[in-house]
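Each chain, written out:
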Amino acid sequence: MKLDSAPLDISGISETGIELELKDSTDFNLTPAIAQPVQAVVADSPQKQQSVVVVFGTTFVTIFLAEIGDKTQLSTLLMSAQSHSPWVVFIGSAAALITTSLLGVLLGSWIASRLSPKTIEKSAGVMLLVISLMLFWDIFQG
């Protein structure tokens, strides 16, 4: 956690400080200590920036596993079999995936600049829950 200001050192009351005398309902004399700033304890944020290799690896594995066996891969497989031009289909599907990924990254960057990560996580969870409920509703209706 990054501190915006130096932590406070609670010490005894100095002669030059302002003393506050507080009284509660039972007339106890409460004289608080004066807070004096000391050197910052935390200089850097404990969360370090992730390396490019870690971010790339995590993204690659996540997207690779998510795409195996999905309808996009099956569509690419069928188009390649029908057209007898596997490299043309590969280039077309790769360009489409790159374009959709670019749109996702740009939209994600735009959203992240306006909302907190916690809000984005909660919103994504609510959207997935709504989609799941809609799918269940379709199953029970059909």
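The rules we used
- One numbering rule holds for all chains: residues counted from 1, following each sequence as written.
- The predicted nature of this model means local features are confined to residues of pLDDT at least 70 and side-chain atom pairs, given and counted, to a pLDDT of 80 or more, with totals for whole chains, interfaces and linings taken over all residues.
- With hydrogens and water excluded, all non-hydrogen atoms of the structure serve as input to the side-chain values.
- Helix and strand labels come from DSSP, where a helix needs a run of H or I of at least four residues and a strand needs a run of E of at least two; each type is numbered from the N terminus.
- The contact definition used throughout considers only heavy atoms, calling two residues in contact when any of these lie within 4.5 Å.
- Accessible surface area values rest on a Shrake-Rupley calculation with a 1.4 Å probe, where residue burial reflects the displayed protein chains alone.
- Put simply, two rings from Phe, Tyr or Trp (the six-membered ring, in Trp's case) pair if the centres are within 6.5 Å, and we call them stacked under 30 degrees between planes, edge-to-face over 60, tilted for the rest.
- Note on classification: 1.4 Å probe, protein chains only; a residue is buried when its accessible area is under 20% of the maximum for its type, exposed when over 50%, partly exposed between these limits.
- Expected helix span is given by 1.5 Å per residue-to-residue step, counting one fewer step than there are residues.
- The patches reported here contain residues having more than 30% relative accessible area and no salt bridge. Joining distances are 9 Å for like charges and 5 Å for nonpolar side chains (Val, Leu, Ile, Met, Phe, Trp, Tyr).
- Definition used for salt bridges: Asp or Glu carboxyl oxygen within 4 Å of a side-chain nitrogen of Lys or Arg.
- Lines fitted to the C-alpha atoms define the axes, with helices restricted to the stretch that makes contact. Angles between their N-to-C directions range from 0 to 180 degrees.
- Throughout, the term roughly parallel applies to angles under 35 degrees, roughly antiparallel to angles over 145, roughly perpendicular to angles from 65 to 115, and oblique to all others.
- Here a crossing is taken to be left-handed if its near helix is turned anticlockwise relative to the far helix by less than a right angle, and right-handed if that turn runs clockwise.
- Just so you know the grouping, Ala, Val, Leu, Ile, Met, Phe, Trp, Tyr, Cys and Pro go in nonpolar, Asp, Glu, Lys and Arg go in charged, and all remaining residues, Gly too, go in polar.
- For every residue, the predictor assigns a confidence score, pLDDT, that lies between 0 and 100.

Asker: Would you mind going over the overall build of the protein chain with me for this structure?
Answerer: Summing up its helical and strand segments, the protein chain has four helices and four strands in all. Along the protein chain, from the amino end to the carboxyl end, the secondary structure elements read β-β-β-β-α-α-α-α. For the protein chain, long-range pairs separated by at least 24 residues make up 45% of all intrachain contacts whose partners lie at least 6 apart in sequence. For the protein chain, the accessible area works out to roughly 12,800 Å², and carbon and sulfur atoms hold 69% of it.

Asker: Looking at this model, I keep getting lost on the packing of aromatic side chains. Mind explaining?
Answerer: The geometry of an aromatic ring pair is captured by two quantities: the separation of the ring centres and the angle between the planes. Counting across every chain of the model gives three aromatic pairs. Residues F56 and F60 carry aromatic rings whose centres are separated by 6.3 Å and whose planes lie at 20 degrees to one another, so their mutual orientation is stacked. Note that F56 and F60 are positioned in helix α1 (residues 52–67) at a spacing of four residues, about one turn of the helix. For the pair F56 and F60, a shared accessibility class is recorded, and that class is exposed.

Asker: Before we go on, may I ask you to explain the environment of L77 in this structure?
Answerer: Tracing the chain through its elements places L77 in helix α2 (residues 71–83). Take L77: its relative accessible area is 54%, and that puts it in the exposed class. Counting along the chain gives 13 residues from L77 to F90, while the straight-line C-alpha distance between them is 9.5 Å.

Asker: What is the right way to read α1 from this model?
Answerer: Residues three or four positions apart in an α-helix share a direction because the helix packs 3.6 residues into each turn. Between its terminal C-alpha atoms α1 stretches 22 Å, which fits the 22 Å expected from 16 residues at 1.5 Å a residue. Note on α1: the residue one or two positions beyond its end, G69, has a positive phi of about 80 degrees.

Asker: Could you clarify how one ought to interpret a nonpolar patch on the surface in this entry?
Answerer: A cluster of nonpolar residues, F56, F60, V61, F64, L65 and I68, forms a patch on the protein surface that exposes about 650 Å² of accessible area. Judged by its relative accessible area of 58%, F56 falls in the exposed class.

Asker: Just checking my understanding: could you explain unusual backbone geometry for this structure?
Answerer: One can expect most non-glycine residues to show negative phi and most peptide bonds to be in trans. Backbone geometry at H84 places phi at a positive 60 degrees, although glycine is not the residue there. Positionally, H84 belongs in the loop between α2 and α3 (86–112). Take H84: its relative accessible area is 67%, and that puts it in the exposed class.

Asker: Even after reading the chapter, I still don't get the packing of α2 against α3, so can you show me in this structure?
Answerer: The angle between the axes and the distance between the axes are what describe a pair of packed helices. Following both chains from N to C, one finds α2 and α3 inclined at 155 degrees, their axes separated by 8 Å at the closest point. Compared by their axis directions, α2 and α3 come out roughly antiparallel. Helix-helix and strand crossings are classified by hand; for α2 and α3 the assignment is right-handed. Across the interface between the two elements, T72, T76, M79, S80 and S83 from α2 touch P86, V89, S93 and L97 from α3. Here the residues of the contact of α2 with α3 are counted per class, giving four nonpolar, five polar and no charged.

Asker: Quick question: what am I supposed to make of the confidence of the model for the protein chain here?
Answerer: Caution applies to low-pLDDT parts of the model: their predicted coordinates are not meant to be read in detail. Per-residue confidence for the protein chain gives a mean pLDDT of 77, with 66% of residues at or over 70. Per-element confidence in the protein chain is highest for α3, whose mean pLDDT is 94, and lowest for strand β2 (residues 22–23), whose mean pLDDT is 46. Scored below 50 in pLDDT, residues 40–46 makes six contacts in the model with residues more than four places away or belonging to other chains.

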